[in-house]
Amino acid sequence: MSTDGSLPEIDWNLLRTAARKMTEHSYAPYSNFHVGAAALTTSGAVVTGCNVENVSYGLSLCAECGIVSDLARHKAGKIVALVVVSGSGDYCSPCGRCRQLLVEHAAPDAVIDTPSGPTPIASLLPGHFDLNRLEGG
């Protein structure tokens, strides 16, 4: 957050460019489907990630996993805005596992770039599992 407590302004072009660049770092020898992601955080930092496949497929890591890891590494707060793209620059919808991961690490009003415009990340996973459920709420 800025010094006045407001969220940083979202530069979607910067995030799209960063996400597209991350596809170049992707490790996708099995599917050849390269994915990159970039997110603006509450601290104003931009964190990034790319997919990393594994021969067993199930152990592959999505680009969104890389985002959350980079977020923790930089102690950058929560996700404010997110872009996930393929190597061609087209929007990629997060899988179910990543939707859960993103909801937990996103600010309450966080948005994801979609073909129809910015969409609340929380709307990608209605009824998501959260800390309230662990506390019996």
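The preceding data block contains the structure.
Rules and cut-offs
- Residues numbered from 1 in each chain as written.
- Predicted model: local features only at pLDDT ≥ 70, side-chain atom pairs only at ≥ 80, totals over all residues.
- Heavy atoms only, no water.
- Helix = DSSP H or I, 4+ residues; strand = E, 2+ residues; numbered from the N terminus.
- Pairing = 2+ DSSP bridges.
- Contact = heavy atoms within 4.5 Å.
- Axes fitted to C-alpha atoms, helices over the stretch in contact; angles between N-to-C directions.
- Core = buried A, V, L, I, M, F, W, Y, C linked by side-chain atoms within 4.5 Å.
- Buried < 20%, exposed > 50% of the residue type's maximum accessible area, 1.4 Å probe, protein only.
- Polar contact = N/O pair within 3.5 Å; in protein donor to acceptor, adjacent residues only side chain to side chain.

### Observations concerning unusual backbone geometry
No. 1: Its identity is not glycine, yet tyrosine 57 carries a phi of approximately 60°, on the positive side.
No. 2: Mapped onto the elements of the fold, tyrosine 57 is located in the loop between strand 2 (46-50) and helix 2 (63-74).
No. 3: Non-glycine residue lysine 75 carries a positive phi angle of around 50°.
No. 4: Within the secondary structure, lysine 75 is located in the loop between helix 2 and strand 3 (79-86).

### Re the sheet that holds strand 2
No. 1: An order of 2-1-3-4-5 is seen for the five strands of this open sheet, with the pairing classed as mixed. In this open sheet, the two edge strands, each paired with only one partner strand, are strand 2 and strand 5 (119-120).
No. 2: Taken together, the two bridges between strand 4 (residues 106-112) and strand 5 define a ladder with antiparallel strand orientation. What sits directly across from valine 111, in strand 5, is proline 120.
No. 3: In the packing of helix 2 onto the sheet, the strands contacted are strand 1 (35-41), strand 2 and strand 3, and the crossing angle to strand 2 comes to about 140°.

### Focus: the nonpolar core
No. 1: Within the largest apolar cluster, 20 residues are counted, with the highest numbers of intra-cluster contacts made by Ile67, Ile79, Leu82, Val84 and Ile121.
No. 2: Looking at this core, the elements with two or more residues in it are strand 1, helix 2, strand 3, helix 3 (96-104) and strand 4.
No. 3: Other than its neighbours up to four places away in sequence, isoleucine 79 contacts Ala39, Leu40, Thr41, Ile67, Leu71, Leu102, His105, Ala106, Ala107, Ala110 and Ile121.
No. 4: The next biggest cluster of nonpolar side chains, apart from the first, holds 10 residues, and it includes Trp12, Leu15, Ala19 and Ala81.

### With respect to the side chain of glutamate 53
No. 1: Structurally, the position occupied by glutamate 53 is in the loop between strand 2 and helix 2.
No. 2: One polar contact links the side chain of glutamate 53 to the main-chain amide nitrogen of tyrosine 30, over a distance of 2.9 Å.
No. 3: Contacts of glutamate 53, omitting those with residues within four sequence positions, involve Tyr27, Ala28, Pro29, Tyr30, Ser31, Asn32, Phe33 and Ser60.

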